[in-house]
Amino acid sequence: MKLIDLLARSAATHPQKIAAVHHDDQITFAGLWDKSYRLSKKLKDLNLAPGSRAALLFENGVQYIICYFAASAAGLVVVPLDTSSTPETLNKILKNCNPK
């Protein structure tokens, strides 16, 4: 079972339970599923091949989680980037993974 399938199951069985909290920001399983699914449809509209890499450079937070699940639901491979990395390190990672 994929992580996105677990999210779908949690959204169906516990829609109002809190899925994630970061400082004052929080989201329920239903909200996380809805936002992730809607964003995944937009990503699919870009006609990226399944397995294409999607680099995510975010501060920790709910928005990162939404984007992670959306990319996964769209069939993309997530390449998480650390915001504390130097530009040189980020450039090396991006050159190596060739994200779309």
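Right above here is the structure, for reference.
Model, not experiment: these values are computed from the prediction.

K.L.:
Please provide a residue-by-residue account of the pairing of strand 4 (residues 77-81), values included.
P.N.:
With 5 bridges connecting them, strand 3 (residues 53-57) and strand 4 associate as parallel partners. Residue pairing across strands places alanine 54 opposite valine 78, the latter belonging to strand 4. Handedness of the strand 3-helix 3 (residues 62-73)-strand 4 crossover: right-handed.

K.L.:
Requested: an account of the packing of aromatic side chains, with residues and values cited.
P.N.:
In this structure the tally under the stated criterion is 4 aromatic pairs. Taking the centre distance of 6.2 Å and the plane angle of 45° together, the rings of tyrosine 64 and tyrosine 68 count as tilted. Of this pair, tyrosine 64 and tyrosine 68 both sit in helix 3, 4 residues apart, which is roughly one turn of the helix. Tyrosine 68 sits in the partly exposed class, given a relative accessible area of 30%. Seen from their ring centres, tyrosine 68 and phenylalanine 69 are 6.1 Å apart, and the 85° between their planes marks the pair as edge-to-face. Here the aromatic cluster, defined as three or more aromatic residues joined through ring pairs, consists of Phe58, Tyr64, Tyr68 and Phe69.

K.L.:
For the pattern of salt bridges, give the residues involved together with the corresponding values.
P.N.:
Summed over all chains, the structure comprises 1 salt bridge. One salt bridge in this structure joins arginine 38 and aspartate 34, with 3.1 Å as the shortest N-O distance. Here arginine 38 and its partner aspartate 34 are both found in helix 2 (residues 29-44), 4 residues apart, which amounts to about one turn of the helix. Its relative accessible area of 46% is what places arginine 38 among the partly exposed residues.

K.L.:
A description of the side chain of serine 40 should follow, citing residues and the corresponding values.
P.N.:
For serine 40, the location among the structural elements is in helix 2. Judged by its relative accessible area of 0%, serine 40 falls in the buried class.

K.L.:
Would you mind going over helix 1 (residues 3-13) in detail, with residue names and values included?
P.N.:
Considered for burial, the residues of helix 1 that qualify are Ile4, Leu7, Ser10 and Ala11. Mapping the buried residues of helix 1 onto a view down its axis gives an arc of 120°, with all of them on the same face. Of the surrounding elements, those touching the buried residues of helix 1 are helix 2 and helix 3.

K.L.:
Help me get a handle on the state of the cysteines, residues and values and all.
P.N.:
Throughout the structure, instances matching the rule amount to 0 disulfides. Cysteine 97 supplies the cysteine sulfur nearest to cysteine 67, a cysteine that is in no disulfide, at a spacing of 16 Å. Under the relative-accessibility criterion, cysteine 67 is labelled buried at 16%. When its relative accessible area of 10% is taken as the criterion, cysteine 97 is described as buried.

K.L.:
Before we move on, can you summarise the packing of helix 1 against helix 2 with the specific residues and values?
P.N.:
The N-to-C vectors of helix 1 and helix 2 enclose an angle of 130°; their axes lie 8 Å apart at closest approach. One finds that helix 1 runs oblique with respect to helix 2. Between helix 1 and helix 2 lies a crossing of left-handed hand. Along its contact with helix 1, which presents Ile4, Leu7, Ala8, Ser10 and Ala11, the element helix 2 presents Phe29, Ala30, Leu32, Trp33 and Ser36.

Reading the values: the criteria
- Residues numbered from 1 in each chain as written.
- Predicted model: local features only at pLDDT ≥ 70, side-chain atom pairs only at ≥ 80, totals over all residues.
- Heavy atoms only, no water.
- Pairing = 2+ DSSP bridges.
- Helix = DSSP H or I, 4+ residues; strand = E, 2+ residues; numbered from the N terminus.
- Right-handed = clockwise from strand over helix to strand, strands pointing away.
- Phe/Tyr/Trp six-rings, centres within 6.5 Å; stacked < 30°, edge-to-face > 60°.
- Buried < 20%, exposed > 50% of the residue type's maximum accessible area, 1.4 Å probe, protein only.
- Salt bridge = Lys/Arg side-chain N within 4 Å of Asp/Glu carboxyl O.
- Arc of directions from axis to C-beta.
- Contact = heavy atoms within 4.5 Å.
- Disulfide = S-S within 2.5 Å.
- Axes fitted to C-alpha atoms, helices over the stretch in contact; angles between N-to-C directions.
- Parallel < 35°, antiparallel > 145°, perpendicular 65-115°, else oblique.
- Left-handed = near helix turned anticlockwise from the far one by under 90°.

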